[in-house]
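Take a look at the letters that make up each chain.
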Amino acid sequence: MPGERVIVIGGGVIGCSIAYHLAGAGATVTLVERGKVGSGASDVAAGMVAALSENLALGEPLNLALHSRAMLLDILPSLQAESGIDVEYRSPGILHVAVTDDEERELRSRLEWQEPLGMGVRWLTAQEAYRTEPALGEGVRGALSSPNEGHLNSRRLVRAYAQAAAKRGADILQDTEVMGLTLQGSRVTGVKLAAGEMEADWVVMASGAWATRCGEWLGLQLPVQPVRGQIVSARILPSPISSIVWRGITYLVPKADGAIVIGTTREWVGFKESATLRGVSGILAGAIELVPAVADAELGHVWAGLRPGSPDDAPMLGPIDGWDGLLLAVGHYRSGILLSAATGKLITDCITRGDGTAMLPFALSRFSS
Ligand code: FAD
Ligand code: GLY
């Protein structure tokens, strides 16, 4: 119902989108972030809005991704106007490059299910691939072109959601850690802060990779695992690439400000958030093999972040069986930027309209059977 008091734990892209959507639907929202908004994985993300390329499973996860992409593009004009922040969305498409037999086979199998979706995905011969991106390295056998995918500046997106949420009346508390939940029987009634307790009708857990720690407050082991991703930015003018170029675990994203963002790693190393020489050297080697001209680029920044991994790579959305007044919005793994719009709307519909049906395929309980 409108007017519900909601506390959102976590100021990443997911928590900020939820705050934005909830405040727009008339809820009284307090978002609590232990650092600054965006201080988790969201500020590190490459910012791709790439529903077809993140390898989400066919069926409900892919549908959610496609739906969220459409929603995000739809709300961007008003989000940017309300927040005064340009999120720098661009849609140059993605070129998935095949060098080996296995890579070609895998990309051609994607083509089979992606072509009927009518999003312009098609196979390029080697000659066509080099014509599209002349700076590609040697040995390209062909490429899958996904021309409608895009990217934005994730730091700006997080701040746009937070700023617009604040304009809609949400209270954004930074440098404030949630240390526990307050309970009355099986009902979650609020959160514990260093300064005391704060009451709410609903608490939404949007604490990213740290969700397991929050689950412990209820004696639960939530199946969210930190998956470290390292990423590098570089600068070279003119940019040797015009679209996103991706091969295996290596991607290069030409950003609106002229930087090229290069990823990545996927590492199961617990809560270690630092970049490593091994990680960065692997990223750079992959990038230089794919687009040799980037070897001469100026090195910009190096980051690492913890993706909130989930056992099936899809998010966990909605209630936890046995507990009232609590909703989960975690486990967005590689696609939190992309899935932020739909997640914000689904959680809002559940709280303000009592309609949680669209979240059912993403219930935590899918892992208990
Ligand atoms: P986070 O952004 O991690 O936010 C969680 C927040 O909760 C943190 O700010 C943390 O401080 C706060 N918190 C935790 N515990 C507490 C507590 N007790 N009290 C208060 N606050 C708390 N996704 C895409 O869609 N496209 C991409 O191109 C893309 N590229 C990526 C590249 C890399 C290298 C990485 C690492 C990730 C990438 N992702 C991408 C994935 C995306 O970054 C994540 O899915 C998304 O950021 C998760 O958002 P979140 O809000 O759940 O988590
Ligand atoms: N979605 C890109 C990444 O997680 O690295």
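This text goes with the structure placed above it.
The structure presented is a predicted model; accordingly, all values stated were derived computationally and were not measured. (Residues numbered from 1 in each chain as written. Chains lettered and ligands numbered in written order. Predicted model: local features only at pLDDT ≥ 70, side-chain atom pairs only at ≥ 80, totals over all residues. Heavy atoms only, no water.)

**Some details on the overall build of the protein**
Quick note on the threshold: Labels follow the DSSP assignment, with helices taken as runs of H or I lasting at least four residues and strands as runs of E lasting at least two, numbered in each case from the N terminus. For the radius of gyration, the atom set is restricted to C-alpha positions; the globular benchmark scales as 2.2 Å times the number of residues to the power 0.38. Partly exposed describes any residue whose relative accessible area lies between the buried limit of under 20% and the exposed limit of over 50%, with all areas from a 1.4 Å probe on protein chains only and scaled to the type maximum. By definition, residues are in contact when any of their heavy atoms lie within 4.5 Å.
Secondary structure summary: the protein contains eight helices and 19 strands in total. The C-alpha atoms of the protein give a radius of gyration of 21 Å, which matches the 21 Å a tight globule of 369 residues would have. Here the protein, with 369 residues, has 56% of them falling under the buried criterion. Taking the contacts inside the protein whose residues are at least 6 apart along the sequence as the reference set, 73% of them involve residues at least 24 apart.

**Notes on the packing of aromatic side chains**
What counts here: Each pair of aromatic rings taken from Phe, Tyr and Trp, with Trp reduced to its six-membered ring, is defined by centres within 6.5 Å and is described as stacked if the planes are under 30 degrees apart, edge-to-face if over 60, and tilted in the remaining cases. Here, a charge over a ring is recorded when the distance from Lys NZ or Arg CZ to the ring centre is within 6 Å and its angle to the ring normal is within 35 degrees.
Taken as a whole and assessed by the stated rule, the structure comprises three aromatic pairs. Where tryptophan 210 meets phenylalanine 271, the ring centres are 6.4 Å apart and the plane angle is 35 degrees; that geometry is what we call tilted. Separated by 61 residues along the polypeptide, tryptophan 210 in the loop between strand S12 (202-205) and helix H6 (211-215) and phenylalanine 271 in the loop between strand S16 (259-263) and helix H7 (277-290) bring together distant segments of the chain. Here tryptophan 246 and tyrosine 251 contribute two aromatic rings whose centre-to-centre distance is 5.3 Å and whose plane-to-plane angle is 65 degrees, an arrangement assigned as edge-to-face. Looking at arginine 34, its charged tip hangs above the ring of tryptophan 210, at a distance of 4.6 Å from the centre. Here the basic side chain of arginine 213 rests over the ring of phenylalanine 271, its NZ or CZ set 4.0 Å away from the ring centre.

**What to know about the packing of helix H2 (residues 60-83) against helix H5 (residues 154-167)**
Selection criterion: For helices, the fitted axis covers only the stretch in contact; all axes are lines through C-alpha atoms, and the angles between them, taken along N-to-C directions, range from 0 to 180 degrees. Crossing chirality is assigned from the near helix's rotation relative to the far helix, an anticlockwise turn below a right angle marking it left-handed and a clockwise turn marking it right-handed. Each residue is assigned to one class: nonpolar for Ala, Val, Leu, Ile, Met, Phe, Trp, Tyr, Cys and Pro, charged for Asp, Glu, Lys and Arg, and polar for all the others, Gly among them.
Look at H2 against H5: their axes get within 9 Å of each other, and the N-to-C directions meet at 65 degrees. Seen along the crossing, H2 lies across H5 with a hand that is left-handed. Residues Leu72, Ile75, Leu76, Leu79, Glu82 and Ser83 of H2 form the contact with H5, whose own contacting residues are Leu157, Ala160, Tyr161, Gln163, Ala164 and Lys167. In the contact of H2 with H5, the residues fall into eight nonpolar, two polar and two charged.

**Considering the site of ligand 2**
Heads up, the rule is: Residues are classed as near a molecule or strand on a simple rule: at least one heavy atom within 4 Å of it. Polar contacts here mean pairs of N or O atoms no more than 3.5 Å apart (in protein, one a potential hydrogen donor and the other a potential acceptor; neighbouring residues in sequence count only if both atoms are side-chain atoms). All accessibility values rest on the Shrake-Rupley procedure with a 1.4 Å probe; residue burial counts only the protein chains present in the view.
Near ligand 2 the following residues occur: Glu54, Tyr251, Thr264, Arg307 and Arg334. Arginine 307 places a side-chain nitrogen or oxygen 2.7 Å from an oxygen atom of ligand 2. Contact distances for ligand 2 include 2.8 Å between a nitrogen atom and a backbone N or O atom of arginine 334. With the chains in place, 89% of the 190 Å² that ligand 2 exposes on its own is no longer accessible.

**Details of the side chain of threonine 348**
Within the secondary structure, threonine 348 sits in helix H8 (residues 336-353). Judged by its relative accessible area of 4%, threonine 348 falls in the buried class. Separated by 3.3 Å, the side chain of threonine 348 and the backbone nitrogen of leucine 22 make a polar contact. Other than its neighbours up to four places away in sequence, threonine 348 contacts Ile18, His21, Leu22, Ala25 and Arg353.

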